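Listed here are the chains, written in short residue letters.
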Amino acid sequence: MNWENLLSLKRQGDTHKRLRKEQDETRLGFEVDYDRIIFSSAFRSLQDKTQVIPLSKTDFVHTRLTHSLEVSVVGRSLGRIAGKKILEKHPFLSEIYGYKFNDFGAIVAAAALAHDIGNPPFGHSGEKAIGEYFITGNGKKYQSILSGKEFQDIVDFEGNANGFRLLSQSREGVTGGLRLSYATLGAFMKYPKESLPKKATKHIADKKFGFFQPDKEAFQNVAADLGLLQTRDGEDISFARHPLTFLVEAADDICYTIIDFEDGINLGLISEDYALEYLIKLVKNSINTKKYNSLKFKEDRLSYLRALAINTLISDAISVFIENEDKILNGTFQTSLLDQSAFKAQIEDIISLSVEKIYRSQEVIEKEIAGYKIISDILDVYTNALIRKKEDKASNYDALMLKTLPEFYRDTDNSVYHILLNICCYVASLSDSAAVHIHNKIMGKQL
């Protein structure tokens, strides 16, 4: 792979090449990507989607929206620092094509901003709840009429694949979704493969999948323009990651490692003594002890340690990225950047404590259980109504329920797979509160 292709400004539907040297410096194409994402309704719904605690009533706990904004800020720093070093190593990118280090920052910031845009309500348990409905719930009956990849798309419903669909899917009168640059779409794609074969290798890009079957052609167009390396022969589509994806992933890893941990402390799930012990191990080489000891309030001490920890991990991730640039460009770098971190042991300690004290806390478990039931019931009502409509067997109740669906999701002229995928994507679009509200209506608990 080469950088001049990987930094493509092309958008779906373009009939001419977009050149970096011809860009308006006051509004670069990569910055337009950021604007389009932040003004989208899908991004807006993240303000009421779970990051750590589902349906939290505490205002300082992060939602998917505040998490995404913070990941974007960290991603921008990673991209700019990496961009500066890449341009020093490959000066022709600047001299011939006109690229600047800020371009790398803008691409990573936009992709990072969108990294959770396809996630369902109730956190990662929302993805599992959608899949469970089709594995063990009433949706299991559809397996026999779907292809292997179609069924896998649904039972392993993937927020990353749904994100690509939201960003790129054409609708009537709207070609190419948000029409983002191919560089940003490429950087967004953490898992540039289809749902089968599942975990074909131990390569980080094979961990999950990145697009549903109807979006295969759109993805292949992006991959071809960027010059992504195809990693498997035959019918199974799989590509090497866009190099900047590693920086997007690092930004996310840094934020959830440090900031979810901070949320746990603020919620009282983790004691401050633990925080000091774990975080100081991470920042012991950069901490100003005199300044730290002068901070009277817990919030200020945590804020100081958090800033140092994030800065430490940014510098470390950049070192790993630059040291392995050649492997990343030829598709042979197989792990995340933080897996190669000099602070891997400290990161693993923090994550282990977060899993024990936060992600498996009683409050989280109880709300995730409720989320499973809510999502299963919503899927059951709408899938039955849509399939019966397709078969001309819809009841009056089905007709009433379908009127509550946004028009885009009511189409029953397509295949059963498209109908099922569409309703899964609708459920994934709901905020936590909207899912609870719809469930209350369906169950007759609220008028």
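Scroll up a little and you will see the structure.
Here the structure is a predicted model, which means the values were calculated and not measured. (Residues numbered from 1 in each chain as written. Predicted model: local features only at pLDDT ≥ 70, side-chain atom pairs only at ≥ 80, totals over all residues. Heavy atoms only, no water.)

Trainee: Give a detailed account of the nonpolar core, specifying residues and quantitative values.
Mentor: Counting residues in each nonpolar core, the largest one holds 91 residues, and the members touching the most others are W3, L244, F321 and L337. Dropping the residues within four chain positions of it, L337 is found in contact with F246, L247, A250, A317, V320, F321 and I328. Of all hydrophobic cores here, the second largest spans 42 residues; its members include A129, F212, L420 and C425. (Core = buried A, V, L, I, M, F, W, Y, C linked by side-chain atoms within 4.5 Å. Buried < 20%, exposed > 50% of the residue type's maximum accessible area, 1.4 Å probe, protein only. Contact = heavy atoms within 4.5 Å.)

Trainee: Explain unusual backbone geometry to me, using residue names and the numbers behind them.
Mentor: Between L196 and the following residue, P197, the backbone shows a cis peptide bond with an omega angle of 0°. Its place among the elements puts P197 in the loop between helix 10 (182–188) and helix 11 (216–226). For D392, which is not a glycine, the phi torsion comes out positive at approximately 60°. With respect to the helices and strands, the residue D392 is situated in the loop between helix 18 (362–390) and helix 19 (396–403). (Helix = DSSP H or I, 4+ residues; strand = E, 2+ residues; numbered from the N terminus.)

Trainee: Could you give an account of the pattern of salt bridges, with specific residues and numbers?
Mentor: Summed over the entire model, instances satisfying the criterion amount to 23 salt bridges. Between D206 and R232 there is a salt bridge, and its shortest N-O distance comes to 3.4 Å. In this pair, D206 sits in the loop between helix 10 and helix 11 while R232 sits in the loop between helix 11 and helix 12 (243–266), placing the two residues 26 residues apart along the sequence. Exposure remark for R232: the relative accessible area of 17% places this residue in the buried category. R306 is the partner of E262 in a salt bridge, and the nearest nitrogen-oxygen pair spans 2.9 Å. Taken together, the residues span a long stretch of sequence, with E262 in helix 12 and R306 in helix 15 (residues 298–323) at a distance of 44 residues. Through salt bridges with shared partners, one network takes in R20, E25, K100 and D103. (Salt bridge = Lys/Arg side-chain N within 4 Å of Asp/Glu carboxyl O.)

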